[in-house]
Amino acid sequence: MIPMSYCPNCGVELAPSEARCPLCRTAAPQPPETAEKPYPPAANVPVGRAAPRKRRTFALACAILLLIPVLTCVVSDLSIGGTLTWAWYVILSFALLYVLLFPPFILLRRRLMVSLALDCAGVIGFLWGMERLTGGGWFLRFGLPVTLLVYAVVLAVVLLVRKSPWNHLKVLAATLCGMGVFVLALEWLINRSFYPGRTVSWSIYICIPCLLLGAALLVIDRNPACKQELHKRFFF
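So, here is what we can say about the structure in this document. Note that this is a predicted model, so its numbers are computed, not measured. (Residues numbered from 1 in each chain as written. Predicted model: local features only at pLDDT ≥ 70, side-chain atom pairs only at ≥ 80, totals over all residues. Heavy atoms only, no water.)

## Here's the deal with a nonpolar patch on the surface
Point 1. Together, Leu184, Trp202, Ile204, Tyr205, Ile206, Ile208 and Leu212 line one region of the surface with nonpolar side chains, adding up to about 690 Å² of accessible area.
Point 2. Here the nonpolar patch gets six residues from one element, more than from any other, and that element is helix 7 (residues 202-221).
Point 3. Structurally, isoleucine 204 can be placed in helix 7.
Point 4. Using a relative accessible area of 35% as the deciding quantity, one classes isoleucine 204 as partly exposed. (Patch = residues over 30% accessible without salt bridge, like charges linked within 9 Å, V, L, I, M, F, W, Y side chains within 5 Å. Areas by Shrake-Rupley, 256 points an atom, 1.4 Å probe, with all protein chains shown as cover. Salt bridge = Lys/Arg side-chain N within 4 Å of Asp/Glu carboxyl O. Helix = DSSP H or I, 4+ residues; strand = E, 2+ residues; numbered from the N terminus. Buried < 20%, exposed > 50% of the residue type's maximum accessible area, 1.4 Å probe, protein only.)

Structure representation (structure tokens):
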């Protein structure tokens, strides 16, 4: 049904085709023009599902492309020596690359925590494979403890940033203290594995400044005036 209009001057009912009132010749009110949208609303487009699908497709395509150098090295090694020798190093390296790169693209929820666990497992597997290939005995006494130590420090910092109600100064102070303890533990592991009888030395020069810087940040955090001045100067 076409809506009727009326003359704004005398109130006479006007036909839709009349541009002026037939009685007082006043211009008839024109209905507001509605601009047509060039495209229909994208209400049925699953935007939330499109991004994960694109990410997975991109990860799958990159994974297939990275198989080219791996298979090339395997075929070359087999054709030259009749068995796999140096190609194992390439296989281990690319396997570690797969573990480090692709889980964040494929996983949808809790990507960071699962990716960190997979990264730790990938590094452990890579070091174990390198030890088997080189014939050394350093994996259990050095490679595995260092990898677990790094994973523990990174996991602690991530949980501190994500779960703790601390502000940036406290998180930075805790991170510096953790770095100092990590360096000290790293030198102890190196000495225990390769230099028995040697005491820690160079790590003390790193551990003490880290601990003091962390303590200084905690002192500043307890003073609101100093914290505000630091925020003004460094946008921290």
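Moving on, there is more to tell.
## Some remarks on the pattern of salt bridges
Point 1. Summed over the entire model, instances satisfying the criterion amount to one salt bridge.
Point 2. A salt bridge links aspartate 221 to lysine 170, with the nearest nitrogen and oxygen atoms 3.9 Å apart. Of the two residues, aspartate 221 sits in helix 7 while lysine 170 sits in helix 6 (residues 168-194), which places them 51 residues apart along the sequence.
Point 3. Owing to a relative accessible area of 10%, aspartate 221 belongs among the buried residues under this scheme.

## With respect to the environment of alanine 95
Point 1. Of note, alanine 95 is situated in helix 2 (residues 87-101).
Point 2. Alanine 95 sits in the partly exposed class, given a relative accessible area of 38%.
Point 3. Between the alpha carbons of alanine 95 and glycine 125 there is a distance of 9.3 Å; along the sequence they are 30 residues apart.

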